[in-house]
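Secondary and tertiary structure notes
In case you want the letters, here they are:
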Amino acid sequence: MTQAANAQTYENLEIEQRDNGVSIVRLNRPTKRNALDTATIEELVSFFSSAHRNGVKAVVLAGKGDHFCAGLDLVEHWKADRSPDDFMHVCLRWHEAFNKMEYGGVPVIAALQGAVVGGGLELASAAHIRVIDQSTYFALPEGQRGIFTGGGATIRVSDMIGKYRMIDMILTGRVYQGQEAVELGLAQYITEGSSFDKALELADKIAENLPLTNYAICSAISHLNNMSGMDAAYAEAVVAGVVNTQPAARERLEAFANKTAARVRPNS
C-alpha cells in the first residue's frame with residue numbers, strides 16, 4: 001500500500017504507511033471536529049477490510065486538529081431527514097466499520113485528544129489500545145440530543161466501564177477525563193505530552209511481534225469473549241495450537257532457551 005494510492009482512494013481519511021508496516025490513519029474533517037458522516041464510515045470500512053491483506057502490522061488511529069472525533073455528523077443527519085429504515089442501515093455500516101477494526105486482526109492504537117464524544121467514543125472503543133493526553137474528554141451526550149447510541153456503545157463502552165456507568169453518561173451527559181477516565185477503563189494510557197507520540201511508540205513496538213500472534217490477540221480474544229465458557233476454552237486451545245507452533249516462533253523460543261532474548265523486568 002502506497003501513500004499515493006491512499007491519496008487517490010480516501011478523502012476523509014489521511015493515511016500514511018511507514019516502512020515498518022505501521023499505518024497512521026487520521027480522520028480528516030478538522031473543521032467538523034472530525035464528526036463521522038456516511039462517507040467517512042465507508043472509508044473506514046474500506047481501509048480496515050483490507051488492512052491485514054495489505055500487510056499492515058499495526059494502526060495508529062488519530063484525528064486531525066484539536067479533537068479526535070465529536071461523533072455522528074448531526075448536521076448531515078438532520079439535513080438527510082432519514083426514515084427509521086434508512087438510519088438503521090446507517091448504524092449497521094457503523095457496526096461493519098467498527099467490527100472490522102476490533103475483529104480484523106490488526107492492532108489498532110487510538111491516539112485521543114480533545115473531544116471523544118458520542119460516536120467518537122464508539123469509534124475509540126473499537127480500538128484495542130487507547131491513549132489519552134491532558135486535553136482528552138469523553139462523553140455520551142445522546143440523551144440531551146434526543147437520540148440513542150447506534151454504533152456499539154451499548155456493547156463496547158458498557159463492556160469497558162459497566163452498564164450503569166454508561167447509562168449515567170447517556171442520561172446526564174457526564175464527562176470523564178484525565179486519570180479518572182483511565183481508572184474507569186476508557187483508556188489504558190495517559191500522557192503529559194502527545195497522545196499520538198505515545199500511540200506511535202506502542203504501535204512500533206507491537207509491529208515487531210509476529211503477525212499471526214498479533215492476529216490472534218486482536219481477533220480471537222474478542223471472539224472468545226462472545227462464547228460460552230466451554231466453547232471459549234476449546235477455541236482458545238485450537239488458536240494456541242496454531243499460533244504456538246508456527247515456524248516463525250521457534251527462533252524466538254530458541255532465543256529464550258539460549259538466554260539471548262530480552263527478559264521481563266519490573267518497571268524501574
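Shown above is the structure to which this text applies.
These figures come from a predicted structure and were not determined experimentally.

Calculation notes
- Residues numbered from 1 in each chain as written.
- Predicted model: local features only at pLDDT ≥ 70, side-chain atom pairs only at ≥ 80, totals over all residues.
- Heavy atoms only, no water.
- Phe/Tyr/Trp six-rings, centres within 6.5 Å; stacked < 30°, edge-to-face > 60°.
- Helix = DSSP H or I, 4+ residues; strand = E, 2+ residues; numbered from the N terminus.
- Buried < 20%, exposed > 50% of the residue type's maximum accessible area, 1.4 Å probe, protein only.
- Core = buried A, V, L, I, M, F, W, Y, C linked by side-chain atoms within 4.5 Å.
- Contact = heavy atoms within 4.5 Å.
- Salt bridge = Lys/Arg side-chain N within 4 Å of Asp/Glu carboxyl O.

So, the packing of aromatic side chains
If you walk through the whole model with that rule in mind, you get three aromatic pairs. Residues Tyr10 and Phe47 carry aromatic rings whose centres are separated by 6.4 Å and whose planes lie at 70 degrees to one another, so their mutual orientation is edge-to-face. Taken together, the positions of Tyr10 in the loop between helix H1 (3-9) and strand E1 (13-17) and Phe47 in helix H2 (residues 38-50) put the pair 37 residues apart, joining distant regions of the chain. Here Tyr10 and Phe47 have matching classes, each one buried. Taken together, a centroid distance of 5.8 Å and an interplanar angle of 70 degrees make the contact between Trp94 and Phe98 edge-to-face. One end of the pair is Trp94 and the other is Phe98, both in helix H4 (residues 84-103) and four residues apart, which spans about a single turn.

Looking at the nonpolar core
Core analysis: the largest hydrophobic core is formed by 49 residues, its most contacted members being Leu36, Phe98, Met101, Leu121, Leu123, Phe138 and Leu186. Among residues more than four places away in sequence, those in contact with Leu123 are Leu27, Leu36, Leu44, Leu61, Phe68, Phe98 and Met101. In terms of nonpolar packing, the next biggest core, distinct from the first, is built from 16 residues, Ile24, Val60, Ala111 and Phe196 among them.

A look at the pattern of salt bridges
With the rule as written, the count across this model stands at twelve salt bridges. Of the charged contacts, one joins Arg93 and Glu42 as a salt bridge, the two residues approaching to 2.8 Å between their closest N and O atoms. Within this pair, whereas Arg93 is found in helix H4, its partner Glu42 is found in helix H2, the two being separated by 51 residues in sequence. Among the ionic pairs, Glu201 bridges to Lys198, the shortest N-O distance being 3.5 Å. In this pair, Glu201 and Lys198 are both assigned in helix H10 (residues 195-206), three residues apart and thus about one turn of the helix distant. The exposure class assigned to Lys198 is partly exposed, which follows from its relative accessible area of 23%. Here the salt bridges do not stand alone but share partners, grouping Glu14, Glu16, Arg26 and Lys64 into one network.

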